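Fold and contact review
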Amino acid sequence: MSAVRVAFRLPCRETVQRIYPAIAARSQTTAAAPSSNEAIKKQRQRALNDLGLELYPRYTLPPMGYPLVTHELVHSRWGHAMDNGAKLTDVQLTVQGRIISKREASKKLFFFDIEQDGQTVQVVSSQARFTGDISRFRSLNRTLMSGDIIRASGFVGKTNTGETSVFAVELLELLAPCLRPIPLRSGFTDSEKRFRSRHLDLLVNPKARRGLIMRSQVLQYIRSFLDARQFVEVETPILSPNVGGASARPFTTTSMAFGDTPLFMRVAPELYLKQLVIGGLNRVYEIGKQFRNEGVDADHNPEFTTCEFYQAYASLEDLMQMSEDMLRGMVKKLTGSTIVKQSDGIDSIDFGTPFRRLDVMKTLCEHVPELSDLDNDQTLSKLQQILEKHHIVTPHPHTVPRLLDRLIGHYIEPQCIQPTFLYGHPAIMSPLAKCADRNQTIAARFELFINGKELVNAYEELNDPDLQRQKFRIQSVERIQGDEEVPPPDIAFCNALESALPPTAGWGMGIDRLVALLAGLSHLRETISFPIMRPTSSK
């Protein structure tokens with residue numbers, strides 16, 4: 001079959017003005033008051049067009065005989081094999097990347113530092129080694145500026161000062177021009193500007209890139225760790241008519257296809273993953289986004305990433321050991337040590353020793369002896385009195401789980417700088433967990449805290465459908481009391497439990513917090529490619 005070529009022509013300006021008058025009007029308004037950036041853009045375009053350059057050429061292979069190499073290879077293979085001033089004219093190659101600095105020694109000699117993949121190499125462009133049009137050589141080299149993407153072909157050598165360089169013998173190729181100034185020298189430190197112009201932040205601040213690279217490495221390690229243990233990676237719905245698996249305020253929307261049916265963005269994948277275990281997938285995990293319509297601070301973001309896995313025929317002790325093995329191995333592989341320095345440069349986290357374990361209620365009673373006298377009838381009122389007595393401010397609504405969590409956050413979590421398992425939580429705080437005692441008062445659950453922050457939450461899953469319904473009813477009372485984060489009962493999940501969920505242990509970890517910990521970052525948004533920001537205008 002012969003190929004058919006169809007040509008598409010962009011509409012001319014008159015056509016745009018005729019068909020899209022509103023768009024044309026906005027364009028004219030913008031053009032009437034050009035910004036300084038717009039003036040720089042036009043000046044650069046004019047200068048490059050005067051040289052007859054194609055500003056955005058299609059990518060092609062480098063010149064014959066000049067293979068493309070990485071900047072890292074230039075330094076590792078030849079950087080230590082040459083004396084100062086040496087030239088290896090028989091080692092011909094091509095490098096490419098973004099100009100991060102330019103020095104004009106004379107109208108015949110230019111130095112460019114170009115960067116790619118975090119590695120920098122110097123390009124020396126000298127008229128003495130160029131055999132083409134001299135005026136074009138000078139004009140192009142003078143017109144190129146920091147931010148431009150270029151390609152240089154030549155041979156490798158060292159300058160007299162010992163800088164490993166590529167000495168261009170071909171005319172430098174412009175691959176894409178930079179039409180706005182990049183603050184490569186002045187820096188880019190204002191956090192508001194950094195995250196609103198994330199592309200500039202990543203170009204200027206190496207630490208910003210390090211956080212994203214660390215995230216990729218963490219995700220790769222987790223997947224390899226679980227895959228090696230015969231876990232199956234799955235995907236569960238992001239949008240669902242039910243919200244459950246965690247107490248959190250959800251984002252809501254509606255489905256036009258289903259008659260404006262209310263839908264919720266998931267706050268946790270837990271209930272779906274356990275239904276997969278019921279369905280015979282005994283080891284499953286999911287790495288994905290969760291969405292909670294809550295506040296933003298250094299440790300919380302409305303959109304965040306978690307890893308959850310569920311393993312049939314496993315206990316809490318199994319999951320504790322897996323947590324230690326995963327994190328210890330990950331830290332060693334990604335950082336080269338089991339000791340992680342924190343962002344303050346003072347504190348260190350030791351993953352090499354066995355993780356500490358603290359009994360929640362026993363530790364709380366050491367700080368607040370009155371807790372040992374609590375009974376079911378007056379628990380809420382007594383907890384309120386205890387917190388008031390100890391001057392612990394707790395926002396409304398006041399429910400037993402919220403007040404207990406406040407006490408744990410006040411007395412125990414600050415102690416957990418080194419990796420610490422907290423276990424022995426009151427059962428009322430964990431409606432999806434089995435109980436660890438016959439009196440049904442203590443949950444078979446643990447949390448892993450590091451540097452005072454929760455990193456992992458895990459428990460042996462409740463698989464009694466009637467008891468699960470009962471716990472959901474208790475939660476409904478808390479919802480009536482004003483706790484809007486408590487989800488409505490998921491009847492379909494309870495019905496699924498009647499098909500028999502085997503004894504199962506479940507585990508969830510916050511990826512963003514782990515990345516921040518390993519990369520030495522103090523705010524979660526540093527670990528996210530494009531963190532959500534408050535709108536700058538109501539328009």
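Reading the values: rules and limits
Residues numbered from 1 in each chain as written. Predicted model: local features only at pLDDT ≥ 70, side-chain atom pairs only at ≥ 80, totals over all residues. Heavy atoms only, no water. UniProt positions renumbered as here; feature names shortened; annotations may be inferred. 1 Å grid on protein atoms, 1.4 Å probe; cavity = no way out; pocket = protein on both sides within 12 Å on 5 of 7 lines; lining within 4 Å. Points joined across faces, edges and corners; volume = space filled by probe spheres on them. Nonpolar A, V, L, I, M, F, W, Y, C, P; charged D, E, K, R; others polar. pLDDT = per-residue confidence, 0-100. Contact = heavy atoms within 4.5 Å. Helix = DSSP H or I, 4+ residues; strand = E, 2+ residues; numbered from the N terminus. Buried < 20%, exposed > 50% of the residue type's maximum accessible area, 1.4 Å probe, protein only. Arc of directions from axis to C-beta. Axes fitted to C-alpha atoms, helices over the stretch in contact; angles between N-to-C directions. Parallel < 35°, antiparallel > 145°, perpendicular 65-115°, else oblique. Left-handed = near helix turned anticlockwise from the far one by under 90°.

As recorded in an unreviewed UniProt entry, the protein goes by the name Lysine--tRNA ligase, listed as coming from Coemansia reversa. Here is the UniProt Sequence similarities (unreviewed entry) comment for the protein, exactly as written: "Belongs to the class-II aminoacyl-tRNA synthetase family."

So, empty space enclosed by the protein
A complete count under the given rule lists 1 cavity of 30 Å³ or more for this structure. Space inside the largest cavity adds up to approximately 40 Å³. Taken together, Ser 125, Ser 126, Arg 129, Phe 130, Phe 137, Ala 168, Val 169 and Glu 170 make up the lining of the largest cavity. Of the residues contributing to the lining of the largest cavity, the split by class is 4 nonpolar, 2 polar and 2 charged.

Describing the confidence of the model for the protein
Regions with low pLDDT carry predicted coordinates that are not meant to be interpreted in detail. Averaged over the protein, the pLDDT score is 89; the fraction of residues at 70 or greater is 91%. Low confidence marks residues 1-33, where pLDDT is under 50. Its contacts with residues over four positions away, or in another chain, come to 5 contacts.

Some thoughts on unusual backbone geometry
For the bond running from His 396 to Pro 397, omega is 0°, close enough to zero to count as cis. Turning to its location among the elements, Pro 397 is positioned in the loop between α12 (379-389) and α13 (400-411). In this model, Asp 117 sits at a positive phi of 55°, which is unusual for a non-glycine residue. Of note, Asp 117 is situated in the loop between β2 (109-116) and β3 (119-126). According to the relative accessible area criterion, Asp 117 is exposed, its value standing at 70%.

Observations concerning α12
Taken together, the buried positions of α12 are Thr 379, Leu 383, Ile 386 and Leu 387. Around the axis of α12, the buried residues are gathered within 95° of arc, so they sit on the same side. Opposite its buried face, α12 presents the exposed residues Gln 385, Glu 388 and Lys 389, each directed more than 90 degrees away. Looking at the buried side of α12, the elements it contacts are α13. Positive phi shows up at His 391, right after α12, with a value of about 55°.

Some remarks on the packing of helix α8 (residues 206-227) against helix α16 (residues 511-519)
Across the interface, α8 lies against α16 with an axial gap of 9 Å and an inter-helix angle of 120°. Considered as vectors, α8 and α16 are oriented oblique to each other. Judged by the twist between their axes, the crossing of α8 over α16 is right-handed. Across from Gly 211, Met 214, Arg 215, Val 218, Leu 219 and Ile 222 in α8, the residues of α16 making contact are Ile 511, Asp 512, Leu 514, Val 515, Leu 518 and Ala 519.

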